[in-house]
Amino acid sequence: MTDQSEETGSNASTMWGGRFSGGPNAIMEEINASIGFDQRFFAQDIRASKAHAKMLGAQNILNDQDVKSICAGLDQVYAEIDSGKFTFKRALEDIHMNVEGRLKEIIGEAAGRLHTGRSRNDQVATDFKLWVRDAIDEMDIALQSTQNALIVQAEAHTASAMPGFTHLQIAQPVTLGHHLLSYVEMLGRDRSRLSDCRNRMNESPLGAAALAGTSFPVDRHLTASALGFDRPSANSLDAVSDRDFALEYLSALAIASVHLSRLAEEYVLWCSTQFAYARLGDAYSTGSSIMPQKRNPDAAELVRAKSGRVIGCLSALLVVMKGLPLAYGKDMQEDKEPVFDAHDTVMLSLAAMAGMLGDTTFDKHRMAADAGKGFATATDLADWLVRVLAMPFRDAHHVTGAVVKKAEDTHRGLEDLTIDDLQSIEPRITEDVFEVLGVQNSLKSRISFGGTAPVNVIKACEEARNRFLKDR
């Protein structure tokens, strides 16, 4: 126990300077340490430290030999961590001090000069921004892959009829391809939000130091350029206290997870015995411990559930940030785990959804049979009355309602009614009306831009590929 306390005290003295003579209480060490999770952005930390060191050399704040030693030592630290040979020390709190501590073991005194002109406040903000920026690029690829899986199925079902629903009641016939392409659009907006987030966050905090800038003649534009930022952040207080980029990333992920959850819910319905529109392969289904007949769409159910987890991550960070005065507060150490967790969760959900889409067989006959239920072509009749008989739509709506009632009372579909049945309600109806009744006729008629007509869906698939998958 004595040895541990002395080691902790020594590390604390090295880290915090002469203000503290003893080490922290064990509970304080436990609550204060972040190395258990922030080691995840070791690559970003080392990249930013190398850029900082080279800038210090360019500004004659460090000599060339120190810069070379620091950069070579950082490369060695990177290799050790990347290969799994690095030993992280909890007493050193975080990834920054673990890297710097190992650097000192490798190159000696020169390691202590690396921190000139910066603070852990601007260091962690820079590292975190670099990590989120890389995460956005990774997420964009995953979203694109899921879009591709949707488009592949849509292309196979450009003319496959299915019921379209409102209020979960059969409303009008649509094609499965048209339905799946709606999710392509949703994921496209998710990618657009991520792109906006990336552009907005691309300002470098490095050189803002603790909160007020630094008296050293640092070149923040040089480090910003070296790290791929558009510019340095304009205000040092804002630079170290800003976590908008994390909140915005979480917001975009929360919306994306809601889109995935909606599709997952449809999968749960489609795979049910009552719907039986889709069958998932064995790879994404599970059985029951007691009921041997069961095939459960557990992958879809878990995607649906994980959206709540992602939304919770956003809520958690919003609550952490809402009461913080400027500039940095230790509360902000709680910013990383929600972002890491949400990122991993959505990446897994996207992979699962893409896999499910590729492993699904749709029952076209079952869907087509249901597409005509519930008098789904009633709107087509109303539109015909308006278009051909110049009837005001409200009148056409009333006439169509009466036709639906007659069909319902006689247990027939609209297309099964006779011309005498129809003319008993509206004498001006002619035989031509049967050209718009029936599922296939209805689908063919929906030719307005963005409509479900199969000819539209074929073009929409091609256009979706051009808009979203140009680099695939």
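Predicted, not measured: the structure shown is a model, and the values here were computed from it.

Chemist: Would you take a moment to explain the overall build of the protein chain for this structure?
Modeler: Within the protein chain, the regular secondary structure consists of 19 helices and six strands. Compactness check: the protein chain gives a C-alpha radius of gyration of 31 Å against a globular reference of 23 Å for 472 residues, more than 25% above the reference. Projected onto its principal axes, the C-alpha positions of the protein chain cover 100 × 55 × 40 Å. A burial count over the protein chain gives 49% of its 472 residues as buried. A separation of at least 24 residues holds for 75% of the contacts in the protein chain among residues at least 6 apart in sequence. As displayed, the protein chain offers around 22600 Å² of accessible surface, 52% of which is attributable to carbon and sulfur atoms.

Chemist: Help me understand a nonpolar patch on the surface in this model?
Modeler: The grouping of L211, L237 and L326 at the surface amounts to a nonpolar patch, some 270 Å² of accessible area in total. Position of L211 among the secondary structure elements: in the loop between β3 (203–204) and α9 (220–226).

Chemist: Looking at this model, I keep getting lost on the nonpolar core. Mind explaining?
Modeler: Looking at soluble globular proteins, one finds that nonpolar side chains tend to be buried together. Counting 90 residues, the largest nonpolar core has V132, Y249, Y267, W270, V339 and M353 as its most contacted members. Looking at this core, the element that brings in the most residues is helix α11 (residues 244–270), giving 14 residues. Each residue touching W270, except ones within four places of it in the same chain, is listed here: M162, L176, H179, L180, F275, A276, Y277, A278 and F362. Counting 20 residues, the second largest nonpolar core, distinct from the first, contains V404, L414, V433 and V436.

Chemist: Help me understand the packing of aromatic side chains, please; the structure alone is not making it clear to me.
Modeler: Each aromatic ring pair is summarised here by two numbers: the centre-to-centre distance and the angle between the ring planes. If you walk through the whole model with that rule in mind, you get eleven aromatic pairs. Relative to F88, the ring of F86 has its centre 4.8 Å away and its plane inclined at 55°; by these criteria the two rings are tilted. Given the relative accessible area of 26%, F88 is considered partly exposed. With centroids separated by 6.4 Å and ring planes inclined at 75°, the aromatic side chains of F128 and F340 adopt a geometry described as edge-to-face. With a gap of 212 residues between them, F128 in helix α7 (residues 120–156) and F340 in helix α13 (residues 336–358) connect regions that are remote in the sequence. Here the two residues F128 and F340 agree in accessibility, since each one is buried. For R40, the ring lying beneath its charged end belongs to F340, and the centroid distance is 5.0 Å.

Chemist: Looking at this structure, how should I read the pattern of salt bridges?
Modeler: Pairing is possible between side chains of opposite charge, provided their charged atoms come close. Per the counting criterion, the structure on display carries 28 salt bridges. One salt bridge in this structure joins R90 and E30, with 3.0 Å as the shortest N-O distance. On the criterion of sequence distance, the pair formed by R90 in the loop between α5 (64–83) and α6 (95–107) and E30 in helix α2 (residues 26–32) is long-range, its members being 60 residues apart. With a relative accessible area of 34%, R90 lands in the partly exposed category. The partner of R446 in a salt bridge is D383, with the nearest N and O atoms 3.7 Å apart. In this pair, R446 sits in the loop between α18 (439–445) and α19 (454–468) while D383 sits in helix α15 (residues 378–389), placing the two residues 63 residues apart along the sequence.

Chemist: Can you walk me through the environment of H157 in this structure?
Modeler: For H157, the location among the structural elements is in the loop between α7 and β1 (161–166). Of the residues examined, H157 reaches a relative accessible area of 8% and is grouped as buried. Considering only alpha carbons, one finds H157 and I458, 301 residues apart in sequence, at a separation of 9.3 Å. In contact with H157, other than residues within four places in its own chain, are T175, L176, G177, F362 and K364.

Chemist: Sorry if this is basic, but what is going on with the packing of α7 against helix α8 (residues 176–201) here?
Modeler: Geometry of a packed helix pair, given as the angle between the helix axes and the separation of the axes. Where α7 meets α8, the closest approach of the two axes is 9 Å, and the angle between their N-to-C directions is 165°. Here α7 is positioned roughly antiparallel relative to α8, judged by the angle of their axes. The element α7 and its partner α8 pack so that their crossing is left-handed. Of the residues assigned to the contact of α7 with α8, the class counts are 15 nonpolar, six polar and seven charged.

Chemist: Would you take a moment to explain a negative patch on the surface for this structure?
Modeler: There is a patch of like negative charges on the surface, built from D420, E431, D432 and E435. On the secondary structure map, E435 appears in the loop between α17 (419–423) and α18.

Chemist: What is the right way to read the pairing of β1 from this model?
Modeler: Sheet faces and side chains relate simply in a regular strand, where the side chains alternate between the two faces. Two elements, β1 and strand β2 (residues 169–175), share six bridges in a ladder whose sense is antiparallel. The residue bridging P163 from the neighbouring strand is P173, located in β2.

Chemist: Is there a simple way to explain the packing of helix α4 (residues 42–58) against α6 in this structure?
Modeler: In contact at an axis separation of 10 Å, α4 and α6 are set at 60° when each is read in the N-to-C sense. The angle between α4 and α6 places the two elements in the oblique class. For the pair α4 and α6, the sense of crossing is right-handed. Taking contact as the criterion, the partners of F42, D45 and I46 in α4 are, on α6, I95, H96 and V99. Of the residues contributing to the contact of α4 with α6, the split by class is four nonpolar, one polar and one charged.

Chemist: How do you make sense of the side chain of D380 when you look at a structure like this?
Modeler: Secondary-structure assignment places D380 in helix α15. For D380, a relative accessible area of 3% translates into the label buried. Polar side-chain contacts of D380 include one of 3.5 Å to the side chain of S445. Contact partners of D380, with chain neighbours within four places excluded, come to V436, S442, S445 and R446.

Chemist: What's the story with α15 in this structure? I'm lost.
Modeler: Since the α-helix advances by 3.6 residues per turn, residues separated by three or four positions end up pointing in the same direction. When the terminal C-alpha atoms of α15 are compared, their 16 Å separation across twelve residues agrees well with the 16 Å that a helix rising 1.5 Å per residue should span. On the buried face of α15, the contacting elements are α16 (393–409) and α18. Note on α15: the residue one or two positions beyond its end, A390, has a positive phi of about 55°.

Chemist: Looking at this structure, I do not really get unusual backbone geometry. What am I missing?
Modeler: Apart from glycine, the bulk of residues carry a negative phi angle, and the bulk of peptide bonds sit in the trans form. Cis geometry marks the peptide bond from L326 to A327, where omega comes out at 10°. Looking at the element boundaries, A327 is found in the loop between α12 (298–321) and α13. Despite not being glycine, L168 shows a phi value in the positive range, around 60°. Positionally, L168 belongs in the loop between β1 and β2.

Calculation criteria
- Residues numbered from 1 in each chain as written.
- Predicted model: local features only at pLDDT ≥ 70, side-chain atom pairs only at ≥ 80, totals over all residues.
- Heavy atoms only, no water.
- Helix = DSSP H or I, 4+ residues; strand = E, 2+ residues; numbered from the N terminus.
- Rg over C-alpha atoms; globule rule 2.2 N^0.38 Å.
- Buried < 20%, exposed > 50% of the residue type's maximum accessible area, 1.4 Å probe, protein only.
- Contact = heavy atoms within 4.5 Å.
- Areas by Shrake-Rupley, 256 points an atom, 1.4 Å probe, with all protein chains shown as cover.
- Patch = residues over 30% accessible without salt bridge, like charges linked within 9 Å, V, L, I, M, F, W, Y side chains within 5 Å.
- Salt bridge = Lys/Arg side-chain N within 4 Å of Asp/Glu carboxyl O.
- Core = buried A, V, L, I, M, F, W, Y, C linked by side-chain atoms within 4.5 Å.
- Phe/Tyr/Trp six-rings, centres within 6.5 Å; stacked < 30°, edge-to-face > 60°.
- Lys NZ or Arg CZ within 6 Å of the ring centre and 35° of its normal.
- Axes fitted to C-alpha atoms, helices over the stretch in contact; angles between N-to-C directions.
- Parallel < 35°, antiparallel > 145°, perpendicular 65-115°, else oblique.
- Left-handed = near helix turned anticlockwise from the far one by under 90°.
- Nonpolar A, V, L, I, M, F, W, Y, C, P; charged D, E, K, R; others polar.
- Lys, Arg positive; Asp, Glu negative; His and termini not counted.
- Charge placed at Lys NZ, Arg CZ, Asp CG, Glu CD.
- Pairing = 2+ DSSP bridges.
- Polar contact = N/O pair within 3.5 Å; in protein donor to acceptor, adjacent residues only side chain to side chain.
- Expected span 1.5 Å × (residues − 1).

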